[in-house]
Amino acid sequence: MRSTLKRGDKVIIFLLVVFAAFFAFEKYALSNNKISSVIIRSDGEIIKNIPITNNGEYIIKSKEGELTCIIKDQKVEVVESTCPDKLCMKQGWISKQGESIICLPNRISITIVGGNKAIDSTTY
Amino acid sequence: MLEGIKPLIQQPTNLKKLTYISALIALGIVLNFLEPPIFSFIPGIRIGFANIVSVLGLFMFGEWDAIAIAFFRTILGAVIKGSLNPIQFGTSFTGGIFAATTMALAYKFFKKHFSIVGISIIGGISNNLAQFFVVIAITKNNAFWYYLPLLLLFGGLSGWIIGILSQLIYNKLKTI
């Protein structure tokens, strides 16, 4: 197998590895950022903006369906959803800046945002 | 014989090719159906074993047949599933066709520099890239951009796996 790899293959595999390393580093750097709130969007529009410290259960409705998410100890999880594939529930807890739970059938996304961004979006 | 009426089967020599392509399309549809419950390590991310048939089609019959296989595989798959859900069908159709097209281009112009594995990696990355933009276009949700690098990375990795599998299958088929 290894001997059949040509030069182009090696170049593209090398690029892939460099990209992976860069991505891992970026993710590591982001993981230390402080998080402040949870933004819930449906069809691209913000429908809820909840501070991450507001523990509790939230029911989110969209045109396509609804889901229930829980905020607890600075983490978010979807516990119930009307969608057929339940990928949003399988994803489990998210807790880092930029991470999202996205439910495609329901067209709902739950994103965690960090420090400055959240302050901007809460000053109505 | 009347003039102007052509025999039904004009080129019997193409029968073998036709059979192979039909078998590849059928195989692609079946792989697509069987995959999700078995090989989904992370929710929403799949290896996409169905792309094996596009890679095999490309190396066995050439550029246009690979694109045709991707076209019929995704359309027939959606017909059998019975749903033209814009996200499900849109991602599989666009991803399949775009991957087959980029692989065909890479095959046509850089055949000397790439083996099956390299071409398959290109296909895996372009598959995920196309699917990403379909999802962005439908949902208009910027939260997805965060996952773009991860998607490209997994596209490359699954392309690698598919390339190795395709190489093995191709070597076996060559000896038939």
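The following refers to the structure shown. Since we're looking at a predicted model, the values are computed, not measured.

What follows concerns the sheet that holds strand β7 (residues 108-114) of chain A. All names here are of chain A. As summarised here, the arrangement of the four strands in space is β2-β1-β7-β6, forming an open sheet in which the pairing is antiparallel. Both outer strands of the open sheet, β2 (45-51) and β6 (100-103), are each paired with one neighbouring strand and no more. Each adjacent strand pair in this sheet contributes to an overall mean axis angle of 20°, direction not counted. Here seven bridges tie strand β1 (residues 35-42) to β7, and the two strands are oriented antiparallel to one another. Residue pairing in the sheet places I40 in a bridge with I110 of β7.

On to the pairing of strand β4 (residues 66-72) of chain A, then. Residues and elements named next belong to chain A. Side-chain alternation along β4 places L67, C69 and I71 on a buried face and E66, T68, I70 and K72 on a face that remains uncovered. Here strand β3 (residues 56-61) runs beside β4; their pairing, made up of six bridges, is antiparallel. Residue pairing for β4: E57 is matched across the bridge by I70. Counted between consecutive antiparallel strands, the loop separating β3 from β4 contains four residues. For β4 and strand β5 (residues 75-81), the ladder comprises six bridges, and the chain directions are antiparallel. Residue I71 lies in a different strand from β5, and its bridge partner there is V76.

This part takes up the interface of chain A and chain B. Counting residues at the interface gives 26 residues for chain A and 22 residues for chain B. Counting residues per element, the ones that place at least two in the side of chain A that touches chain B are α1 (7-30), α2 (87-90), β6 and β7 of chain A. When residues of the side of chain A that touches chain B are assigned to their parent elements, the largest contribution, eight residues, is made by α1(A). Grouping the amino acids of the side of chain A that touches chain B by side-chain chemistry returns 10 nonpolar, eight polar and eight charged.

Between two packed helices, both the angle of their axes relative to each other and the distance between the axes serve to describe the pair. Residue and element names in this part refer to chain B. The contact between helix α2 (residues 51-61) and helix α5 (residues 116-139) brings their axes to 11 Å, and the two run at 135°. The angle between α2 and α5 places the two elements in the oblique class. Both α2 and α5 take part in a crossing whose hand is right-handed. Residues N51, S54, V55 and F59 of α2 pack against I116, I119, S120, G123 and N127 of α5. Taken together, the residues of the contact of α2 with α5 sort by class into four nonpolar, five polar and no charged.

Analysis parameters
- Residues numbered from 1 in each chain as written.
- Chains lettered and ligands numbered in written order.
- Predicted model: local features only at pLDDT ≥ 70, side-chain atom pairs only at ≥ 80, totals over all residues.
- Pairing = 2+ DSSP bridges.
- Helix = DSSP H or I, 4+ residues; strand = E, 2+ residues; numbered from the N terminus.
- Axes fitted to C-alpha atoms, helices over the stretch in contact; angles between N-to-C directions.
- Buried ≥ 20, exposed ≤ 12 C-beta atoms within 10 Å, placed from the backbone.
- Contact = placed C-beta atoms within 7 Å.
- Nonpolar A, V, L, I, M, F, W, Y, C, P; charged D, E, K, R; others polar.
- Parallel < 35°, antiparallel > 145°, perpendicular 65-115°, else oblique.
- Left-handed = near helix turned anticlockwise from the far one by under 90°.

Purely geometric stuff here, so don't read any function into it on its own.
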